[in-house]
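Residue-level listing of the chains:
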Amino acid sequence: MIVRAIIFDINGTLIDINTDEGNEQIYRSISHLLKYYGIRTSRGDVRDGYYQILKAQRRAGGEAFPEFDAVAVWREFLQTRLERSGVSLPKAKMAQLPHFLAELYRGISLNRLELYPEVREVLDELRPRYRLAVLSDAQSVWAVPEMRMVGIEQYFYPIVVSGDLGYRKPDPRIFALVLRRLHLPPDEVVFVGNDMYRDIYGARQAGLRTVFFATGQGQQAMDGVEAHYNIYRFGELRNAIRFFEEQG
């Protein structure tokens, strides 16, 4: 096999991340901030309203594998609470605040954000030889800054994030989109992920060679689905790529 590009999932594959969306401090802090702008709300209202809008957004999309847009969720939340409170915000503030609320939500929920061992060393070795891309079920407002925080954003092009599209893995369209942006056929591309359903099943359906990184995050097994190669340390990706290149 000729390997021209490698596509990576982010969280659970490159980045070891842990978040706690149940942390009440998230909703308390947002509630206090919004009161500063004259918006009547409470911790419970913020929490319940956020998830109600998120679920409605996913349903409205009509997708088999629906994704949400965090900034759009906060924009709708703000609009409804502003109307209820009988106040308004300047246009510039209304444009900025949903993005800031999404960042605040993520920042407070974040417990751990670090690269898995050997990630940077392996990427440094791969980048001169292969095109490297990212395909993640995530939000751009979170994923791109987090890649920047751990120092790996510059390794990848394209960076495709499901929150920008309204659908997520294993939808075949999302894999096809990355391949189009790479201008490569699937039989010249390897996909590396940590979820047997969304990553490995999805990538195999799209015709890519697959590497399963068993980090313990994501779905670890699926009936009838196997990766072409399994690794248990990120450094073993070197052996996986060599294995594919030695195949006829």
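All of these numbers come straight from a predicted model, not from anything done at the bench. (Residues numbered from 1 in each chain as written. Predicted model: local features only at pLDDT ≥ 70, side-chain atom pairs only at ≥ 80, totals over all residues. Heavy atoms only, no water.)

We now examine the overall build of the protein chain. Looking only at helices and strands, the protein chain has 9 helices and 8 strands in total. By principal-axis analysis of the C-alpha atoms, the protein chain measures approximately 70 × 35 × 35 Å. Buried residues in the protein chain amount to 48% of all 248 residues. Expressed as a percentage of contacts within the protein chain between residues at least 6 apart in sequence, the contacts between residues at least 24 apart total 69%. In the structure as shown, the protein chain presents an accessible area of about 11,600 Å², 48% of it carried by carbon and sulfur atoms. (Helix = DSSP H or I, 4+ residues; strand = E, 2+ residues; numbered from the N terminus. Buried < 20%, exposed > 50% of the residue type's maximum accessible area, 1.4 Å probe, protein only. Contact = heavy atoms within 4.5 Å. Areas by Shrake-Rupley, 256 points an atom, 1.4 Å probe, with all protein chains shown as cover.)

Strands sit in the order 5-4-1-6-7-8 across an open sheet of 6 strands; the sheet is parallel. In this open sheet, the two edge strands, each paired with only one partner strand, are strand 5 (159–161) and strand 8 (229–231). Going across the sheet, the axis of each strand differs from the next one's by a mean of 20°, ignoring polarity. Note: strand 1 (residues 5–8) against strand 4 (residues 131–136), 4 bridges, orientation parallel. Bridge pairing links isoleucine 7 to alanine 133 in strand 4. Helix 7 (residues 172–182) contacts strand 1, strand 4, strand 5 and strand 6 (189–193) of the sheet and is inclined by roughly 155° relative to strand 4. (Pairing = 2+ DSSP bridges. Axes fitted to C-alpha atoms, helices over the stretch in contact; angles between N-to-C directions.)

Take the pattern of salt bridges next. Applying the stated rule across the entire model yields 22 salt bridges. Ionic pairing is found between arginine 58 and glutamate 67, a salt bridge with its closest N-O pair at 3.7 Å. One salt bridge in this structure joins arginine 148 and glutamate 153, with 2.9 Å as the shortest N-O distance. By sharing partners, the salt bridges in this structure join Glu118, Glu125, Arg233, Glu236 and Arg238 into a single network. (Salt bridge = Lys/Arg side-chain N within 4 Å of Asp/Glu carboxyl O.)

The next subject is the packing of helix 2 (residues 43–61) against helix 3 (residues 70–85). Between helix 2 and helix 3, whose axes approach to 9 Å, the crossing angle comes to 125°. As far as their axial angle goes, helix 3 and helix 2 are oblique. Remark: the crossing between helix 2 and helix 3 carries right-handed chirality. Residues Asp45, Val46, Gly49, Tyr50, Ile53, Leu54 and Gln57 of helix 2 pack against Ala72, Val73, Trp74, Glu76, Phe77, Arg81 and Arg84 of helix 3. Taken together, the residues that form the contact of helix 2 with helix 3 break down as 8 nonpolar, 2 polar and 4 charged. (Parallel < 35°, antiparallel > 145°, perpendicular 65-115°, else oblique. Left-handed = near helix turned anticlockwise from the far one by under 90°. Nonpolar A, V, L, I, M, F, W, Y, C, P; charged D, E, K, R; others polar.)

Attention shifts here to the packing of aromatic side chains. If you walk through the whole model with that rule in mind, you get 17 aromatic pairs. On the basis of an interplanar angle of 65° and a centroid distance of 5.8 Å, the ring pair of phenylalanine 8 and phenylalanine 156 is categorised as edge-to-face. Here phenylalanine 8, found in strand 1, pairs with phenylalanine 156, found in the loop between helix 6 (140–149) and strand 5; they are 148 residues apart in sequence, far enough to count as distant. With respect to burial, phenylalanine 8 and phenylalanine 156 carry one shared label: buried. (Phe/Tyr/Trp six-rings, centres within 6.5 Å; stacked < 30°, edge-to-face > 60°.)

Our focus in this paragraph is the domain arrangement of the protein chain. Segmenting the protein chain into domains produces domain 1 (5–18 + 113–247) and domain 2 (19–111). Once you take the C-alpha centre of each, domain 1 and domain 2 turn out to be 30 Å apart. The interface of domain 1 with domain 2 comprises 20 residues on the first partner and 19 residues on the second. Contact between domain 1 and domain 2 buries roughly 1,600 Å² in total, counting both sides, with carbon and sulfur atoms accounting for 53%. The largest contributions to the domain 1 side of the interface with domain 2 come from Asn18, Val141 and Trp142, which together make up 41% of the buried area. (Domains from an automatic or database assignment. Buried area = accessible area lost by both parts, 1.4 Å probe.)

Ranked by size, the top nonpolar core spans 34 residues in total, and within it Ile6, Phe8, Leu14, Ile152, Phe156 and Leu237 carry the most contacts. Of all the elements in the fold, those that place two or more residues in this core are strand 1, strand 2 (15–19), helix 5 (119–126), strand 4, helix 6, strand 6, strand 7 (209–213) and helix 9 (237–246). Formed by 25 residues, the second largest nonpolar core is a distinct cluster that contains Ile26, Tyr27, Trp74 and Leu78. (Core = buried A, V, L, I, M, F, W, Y, C linked by side-chain atoms within 4.5 Å.)

Once that is clear, we can look at the layout of surface pockets. Gaps left between atoms are located by rolling a probe of water-molecule size over the structure's atoms. The space that makes up the largest pocket amounts to roughly 580 Å³. In terms of lining residues, the largest pocket is bounded by 27 residues, among which Asn11, Arg106, Asp137, Arg168 and Arg198 are the most central. Mapped onto the lining of the largest pocket, the elements with two or more residues apiece are strand 2, helix 2, helix 4 (91–109) and helix 8 (196–205). With 4 residues, helix 2 is the largest single contributor of residues to the lining of the largest pocket. Each residue belonging to the lining of the largest pocket can be placed in one class, and the counts come to 8 nonpolar, 8 polar and 11 charged. For the lining of the largest pocket, the domains that each give at least three residues are domain 1 (5–18 + 113–247) and domain 2 (19–111). (1 Å grid on protein atoms, 1.4 Å probe; cavity = no way out; pocket = protein on both sides within 12 Å on 5 of 7 lines; lining within 4 Å. Points joined across faces, edges and corners; volume = space filled by probe spheres on them.)

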